[in-house]
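Structure assessment
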Amino acid sequence: NSAIQVCHLLDSQNKMISEIINDLPKTFQSPTMAPYCKDEVKYKVVDDVIKEIEKIKNQKVKIDNQEIKEILTVNGIRFSFEDGSWGLIRASSNKPSLVVVIESPISNERKIKIFRFIDEILKKTGKVGKYDQQIWLIIFTSMVIIDVIISFRICIKFFNNWAWLVAVKLFN
């Protein structure tokens, strides 16, 4: 269990969890978002998105002052930029939706700009509906949980639904 491993790490490092967290590389990740897309068209939508992003890469169009450096098209598309930021779009294997994930080692703003880029491409298809969750809500949720851990030095072994309820109680 990873929670137990984190507790062992805390014990062996003789550091507060806030110090360990501060030593980790900073990344800005989106949640795994799932915009609605009918089962019978989702694979065609992904194929069309792949073609559009390949065209954008070949034309050297910049997204937030970054050109797309690499494209991988195994089970959808994952495109990356020179700064290490990336976006992923694929068809869900078990529900009528797509899967969208974004990450940036640079900033939350870069992550959001990449999301807007993806969202515009998906909207142009006319076949993608609402997302199952919003990017800002998950970012807020993550900050609340991290604040609880740092402020109260809660052992990670309690980092489950019970800890989430405590975090909601403490900050609402």
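All of these numbers come straight from a predicted model, not from anything done at the bench.

**Focus on the nonpolar core**
Counting 26 residues, the largest nonpolar core has Ile-53, Ile-68, Phe-79, Ile-89, Phe-117 and Ile-118 as the members making the most contacts within it. Of all the secondary structure elements, the ones that give two or more residues to this core are helix H3 (39-58), strand E3 (66-72), strand E4 (77-81), strand E5 (86-91), strand E6 (98-104) and helix H4 (108-125). With residues near it in sequence (within four places) discarded, Ile-118 still touches Phe-79, Gly-87, Leu-88, Ile-89, Val-100 and Ile-102.

**Description of the side chain of Glu-103**
Inspection of the secondary structure puts Glu-103 in strand E6. Comment: no salt bridge for buried Glu-103; closest opposite-charge side chain is Arg-78, at 6.2 Å. Reaching out from Glu-103, the side chain makes a polar contact with the side chain of Gln-29 at a distance of 2.6 Å. What Glu-103 contacts, discounting residues up to four positions off in sequence, is Thr-27, Phe-28, Gln-29, Ser-85 and Trp-86.

**Some remarks on the packing of aromatic side chains**
For the coordinates displayed, the defined rule picks out 3 aromatic pairs. Seen from their ring centres, Phe-79 and Phe-81 are 5.7 Å apart, and the 85° between their planes marks the pair as edge-to-face. Relative accessible area serves as the criterion here: at 0%, Phe-79 is assigned to the buried category. With centroids separated by 5.7 Å and ring planes inclined at 80°, the aromatic side chains of Phe-79 and Phe-117 adopt a geometry described as edge-to-face.

**Some thoughts on the pairing of E4**
Counting buried residues in E4 gives 4 out of 5 residues, a clear majority hidden from the surface. Note: E3 against E4, 4 bridges, orientation antiparallel. Looking at the pairing, Leu-72 lines up with Arg-78 of E4. Counted between consecutive antiparallel strands, the loop separating E3 from E4 contains 4 residues, among which Asn-75 sits at a positive phi close to 60°. Two elements, E4 and E5, share 4 bridges in a ladder whose sense is antiparallel. The residue bridging Arg-78 from the neighbouring strand is Leu-88, located in E5. Where E4 folds back on E5, the antiparallel hairpin that results is connected by 4 residues, among which Gly-84 adopts a positive phi of roughly 95°.

Conventions we followed
- Residues numbered from 1 in each chain as written.
- Predicted model: local features only at pLDDT ≥ 70, side-chain atom pairs only at ≥ 80, totals over all residues.
- Heavy atoms only, no water.
- Core = buried A, V, L, I, M, F, W, Y, C linked by side-chain atoms within 4.5 Å.
- Buried < 20%, exposed > 50% of the residue type's maximum accessible area, 1.4 Å probe, protein only.
- Helix = DSSP H or I, 4+ residues; strand = E, 2+ residues; numbered from the N terminus.
- Contact = heavy atoms within 4.5 Å.
- Lys, Arg positive; Asp, Glu negative; His and termini not counted.
- Salt bridge = Lys/Arg side-chain N within 4 Å of Asp/Glu carboxyl O.
- Polar contact = N/O pair within 3.5 Å; in protein donor to acceptor, adjacent residues only side chain to side chain.
- Phe/Tyr/Trp six-rings, centres within 6.5 Å; stacked < 30°, edge-to-face > 60°.
- Pairing = 2+ DSSP bridges.

Coordinates in, geometry out; function isn't part of it.
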